[in-house]
Amino acid sequence: ESLEQWKTSKDEQQLRTIVANFYSLIRHGLLYVEEGIEEQQTWIGKLPSVAYKTTFKTQYQKCIITILSYPLLPSQYKAILLILHKRIIPYMSQPQGLMDFLTDSYDVGDDAIVPILALNSLYELMKKYNLEYPDFYTKLYSLLTPELLYTRYRSRFFRLCDLFLSSTHLSANLVASFIKKLARLSVAASASGVVIIIPFIYNLLKRHPTCMIMLHNPDKAKSGDYVDPFDNNEKNPMNTRAIGSSLWELETLMTHYHPNIATLAKIFGEPFRKHSYNMEDFLDWSYISLLESESTRRYKTLAALEFEEFDMLFDEADKSEETNKRVLLEGWTV
């Protein structure tokens, strides 16, 4: 009741302070024990003492729903989403009440991080509480933007995306759209981002062999006037026409400037006999780790080096001749 009253009686700054204090109380978990709850009293911040689990969860849910209706700073929004699936949802009586809060997170300004953080909780509601969200894959597809590969939470996104696309019952059109979109992003992505995309696409093709037609289509290969039918601007993954496209972007990666990526991409030119990649081996790569891997690499043989030997740096020809304009010996430049 106090939280509801504060919502109308306090200004925006005071409400944000209340949210910050509440977050400090719950971010490390609740002082709540499932076993023996009927025999003990439990206190949580300003929440009243409760004796029964159902009563506790009902009161806690009312508290959470009210707090989330307060005006939140972007930093508070992200902080709450980070703990929502582990610290909040398990203690609510009906977590489905968070549906509106989570779906609205996809429309929070131009921040690409907020929707990524909401994925954990949405999946938790769908998996454990049978929440139906028909637009889930459409929203997931909308997160595939160039900015995604530069966010600090890209590893979290690809872990979850790998989980969401693991079902073999998904439509081939849907999976093909994710494969094609990621391939298109890889063309202009950072080296550390491409390192994630290549094994991710490989695993999707292994898991969904009906999409292999995108990698090897003799009819398209024979056509000299091939036009890619993929609609990169289509928001619905079922309507992108990706399944009729080809993954020419992967062949482009085979000549990538970074040797590790070029070598990794060549797996698509070989028979698909390799087991699926372990994505954990690729999610945390960065420019620094890529450079360190090159600097510490041990070569089996000496690298080929071609050069000419010179005994001197400067040309000793007669400098008085006007025709002789060179100061440095041929083969040297500044």
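Remember, predicted model here, so these are calculated numbers, not experimental data.

S.K.: How should I be thinking about the overall build of the protein chain in this particular structure?
M.R.: Regarding its fold elements, the protein chain presents 14 helices and two strands. Split into buried and exposed, the 334 residues of the protein chain put 41% on the buried side. Pairs at least 24 apart in sequence give 69% of the contacts found in the protein chain among residues at least 6 apart. Total accessible area on the protein chain is roughly 19900 Å²; 52% of this is exposed by carbon and sulfur atoms.

S.K.: Please clarify how unusual backbone geometry should be interpreted in this entry.
M.R.: Only a minority of non-glycine residues have a phi that is not negative, and only a minority of peptide bonds are not trans. One non-glycine residue, Asn-130, lies in positive phi territory at about 55°. Structurally, Asn-130 can be placed in the loop between helix 6 (113-128) and helix 7 (136-142). Take Asn-130: its relative accessible area is 66%, and that puts it in the exposed class. A positive phi angle is found at Arg-241, which is not glycine, with a value near 65°. Residue placement: Arg-241 occurs in the loop between helix 11 (218-222) and helix 12 (248-253).

S.K.: Would you explain the packing of aromatic side chains in this entry?
M.R.: Two descriptors summarise a pair of aromatic rings, namely the distance from one centre to the other and the angle between the planes of the rings. With the rule as written, the count across this model stands at 15 aromatic pairs. Between Phe-136 and Tyr-137 the ring centres are 5.3 Å apart and the planes differ by 85°, which places this aromatic pair in the edge-to-face class. Taking relative accessible area as the criterion, Tyr-137 reaches 23% and is therefore assigned partly exposed. Consider the rings of Phe-158 and Phe-200, whose centres lie 5.3 Å apart with planes at 75°: the pair is edge-to-face. Of the two residues, Phe-158 sits in helix 8 (residues 154-164) while Phe-200 sits in helix 10 (residues 191-207), which places them 42 residues apart along the sequence.

S.K.: Just checking my understanding: could you explain empty space enclosed by the protein for this structure?
M.R.: The gaps of empty space that remain are located by a probe, the size of a water molecule, rolled over the atoms. For the coordinates displayed, the defined rule picks out one cavity of 30 Å³ or more. As a volume, the largest cavity reaches approximately 30 Å³. Around the largest cavity, the lining residues are Phe-22, Tyr-23, Ile-26, Ile-64, Ile-67, Leu-68, Ile-80 and Ile-88. Elements represented by at least two residues in the lining of the largest cavity include exactly helix 2 (12-26), helix 3 (53-68) and helix 4 (74-88). Looking at the lining of the largest cavity, its residues break down into eight nonpolar, no polar and no charged.

S.K.: Sorry if this is basic, but what is going on with the nonpolar core here?
M.R.: When a protein is soluble and globular, its nonpolar side chains tend to lie buried together. The biggest cluster of nonpolar side chains holds 92 residues, and the ones touching the most others in it are Phe-157 and Phe-158. Sorting elements by how many residues they give to this core places helix 10 first, with 11 residues. Split by domain, this core shows at least three residues from each of two domains, domain 1 (1-129) and domain 2 (135-303).

S.K.: Looking at this structure, I do not really get the confidence of the model for the protein chain. What am I missing?
M.R.: Interpreting fine coordinate detail is not advised for predicted regions of low pLDDT. Of the residues in the protein chain, 79% reach a pLDDT of 70 or more, and the chain-wide mean stands at 81. Predicted confidence for residues 323-327 stays below pLDDT 50, and this span has seven contacts to residues more than four positions away or in other chains.

S.K.: Whenever I open this one, the environment of Tyr-70 confuses me. Can you help?
M.R.: Tracing the chain through its elements places Tyr-70 in the loop between helix 3 and helix 4. Looking at Tyr-70, the relative accessible area reads 3%, which means it is buried. Distance from Tyr-70 to Leu-15, taken between C-alpha atoms, is 6.5 Å for residues 55 residues apart in sequence. Discounting chain neighbours no more than four positions away, the residues touching Tyr-70 are Leu-3, Trp-6, Lys-7, Leu-15, Ile-18 and Val-19.

S.K.: Can you walk me through the UniProt feature "transmembrane region" (unreviewed entry) in the protein chain in this structure?
M.R.: With numbering matched to this structure, UniProt assigns "transmembrane region" (unreviewed entry) to residues 157-179 and 185-205. Annotated as 70% helix and 0% strand, the span residues 157-179 places its first and last C-alpha atoms 15 Å apart. For residues 185-205, the helix share is 86%, the strand share is 0%, and the end-to-end C-alpha distance is 17 Å.

S.K.: Would you take a moment to explain the pattern of salt bridges for this structure?
M.R.: For side chains bearing opposite charge, pairing can occur when the charged atoms are close. For the structure shown, the criterion picks out eight salt bridges. Linking Arg-207 and Asp-162 is a salt bridge whose minimum nitrogen-to-oxygen distance equals 3.2 Å. Of this pair, Arg-207 sits in helix 10 while Asp-162 sits in helix 8, placing them 45 residues apart in sequence. Among the residues examined, Arg-207 registers a relative accessible area of 23% and is labelled partly exposed.

Definitions and cut-offs
Residues numbered from 1 in each chain as written. Predicted model: local features only at pLDDT ≥ 70, side-chain atom pairs only at ≥ 80, totals over all residues. Heavy atoms only, no water. Helix = DSSP H or I, 4+ residues; strand = E, 2+ residues; numbered from the N terminus. Buried < 20%, exposed > 50% of the residue type's maximum accessible area, 1.4 Å probe, protein only. Contact = heavy atoms within 4.5 Å. Areas by Shrake-Rupley, 256 points an atom, 1.4 Å probe, with all protein chains shown as cover. Phe/Tyr/Trp six-rings, centres within 6.5 Å; stacked < 30°, edge-to-face > 60°. 1 Å grid on protein atoms, 1.4 Å probe; cavity = no way out; pocket = protein on both sides within 12 Å on 5 of 7 lines; lining within 4 Å. Points joined across faces, edges and corners; volume = space filled by probe spheres on them. Nonpolar A, V, L, I, M, F, W, Y, C, P; charged D, E, K, R; others polar. Core = buried A, V, L, I, M, F, W, Y, C linked by side-chain atoms within 4.5 Å. Domains from an automatic or database assignment. pLDDT = per-residue confidence, 0-100. UniProt positions renumbered as here; feature names shortened; annotations may be inferred. Salt bridge = Lys/Arg side-chain N within 4 Å of Asp/Glu carboxyl O.

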